[in-house]
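The primary structure of each chain is shown beneath.
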Amino acid sequence: QVQLVESGGGLVQAGGSLRLSCAASGRTFSLYAMGWFRQAPGKEREFVAAISESGRHTRYADSVKGRFTISRDNAQKTVYLEMNSLKPEDTAVYYCAASPVIALSLSQYKYWGQGTQVTVSS
């Protein structure tokens, strides 16, 4: 069992930066790949970024490549999403999730956090 709690969301102007954190409980954090997803009002939840159990491998959605960076600290049981050059279209609730393998599909993720709101003003 893994419980996930996101933090770091907020209101930022376009072009600004935010760093999201996702703290995990449980002793098996390092056994899970981690992902970030987002859901804007009226839209489906979509993949943003993922990182392998060791942190050696990462994946990004095309819409965030070059602007967002996912990382993890297994000793702290935390995964991060550094978001730079934010755009109004990045506005969404951001969720972290845990999966047995690095994946882009929501269906692969077993555990989910409650989400944190990110709002980017123009």
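These notes cover the structure that comes with them. (Residues numbered from 1 in each chain as written. Predicted model: local features only at pLDDT ≥ 70, side-chain atom pairs only at ≥ 80, totals over all residues. Heavy atoms only, no water.)

Another aspect to go through is the side chain of Arg67. Along the chain, Arg67 falls in the loop between β6 (58-60) and β7 (68-73). At a separation of 2.9 Å, a polar atom in the side chain of Arg67 contacts the main-chain carbonyl oxygen of Ser63. Here Ser85 takes part through its backbone oxygen, which lies 3.0 Å from a polar atom of the side chain of Arg67. Here Arg67 is in contact with Glu82, Met83, Asn84, Ser85, Leu86, Lys87 and Asp90, once residues within four sequence places are set aside. (Helix = DSSP H or I, 4+ residues; strand = E, 2+ residues; numbered from the N terminus. Polar contact = N/O pair within 3.5 Å; in protein donor to acceptor, adjacent residues only side chain to side chain. Contact = heavy atoms within 4.5 Å.)

This paragraph deals with unusual backbone geometry. Even without being a glycine, Lys77 presents a positive backbone phi close to 55 degrees. Within the secondary structure, Lys77 is located in the loop between β7 and β8 (78-83). Judged by its relative accessible area of 27%, Lys77 falls in the partly exposed class. With a phi angle near 50 degrees, Ser85 is a residue other than glycine that sits in the positive phi range. (Buried < 20%, exposed > 50% of the residue type's maximum accessible area, 1.4 Å probe, protein only.)

Right, let's get into the state of the cysteines. Evaluated as defined, the whole model comprises one disulfide. In this model, Cys22 is linked to Cys96 through a disulfide, with the two sulfur atoms separated by 1.9 Å. In this structure, the disulfide formed by Cys22 and Cys96 twists by about 50 degrees around the S-S bond and is classed as right-handed. Of the two residues, Cys22 is situated in strand β3 (residues 18-25) and Cys96 in strand β9 (residues 92-99); the sequence distance between them amounts to 74 residues. (Disulfide = S-S within 2.5 Å.)

Inspection of every chain in the model, using the stated rule, returns five aromatic pairs. Measuring from ring centre to ring centre gives 5.8 Å for Phe37 and Phe47, while their planes differ by 75 degrees; the resulting arrangement is edge-to-face. Highlighted residues: Phe37 in strand β4 (residues 33-39) and Phe47 in strand β5 (residues 46-51), separated in sequence by 10 residues. An identical accessibility class is assigned to Phe37 and Phe47; each is buried. (Phe/Tyr/Trp six-rings, centres within 6.5 Å; stacked < 30°, edge-to-face > 60°.)

A few words on the pattern of salt bridges. Tallying each qualifying case throughout the model produces five salt bridges. Linking Arg19 and Glu82 is a salt bridge whose minimum nitrogen-to-oxygen distance equals 3.8 Å. With Arg19 in strand β3 and Glu82 in strand β8, this residue pair connects regions lying 63 residues apart in the sequence. Residue Arg19 is classed as partly exposed on the basis of its relative accessible area of 46%. When its relative accessible area of 28% is taken as the criterion, Glu82 is described as partly exposed. Each member of the salt-bridge network shares a partner with another, and the members are Arg38, Glu46, Arg67 and Asp90. (Salt bridge = Lys/Arg side-chain N within 4 Å of Asp/Glu carboxyl O.)

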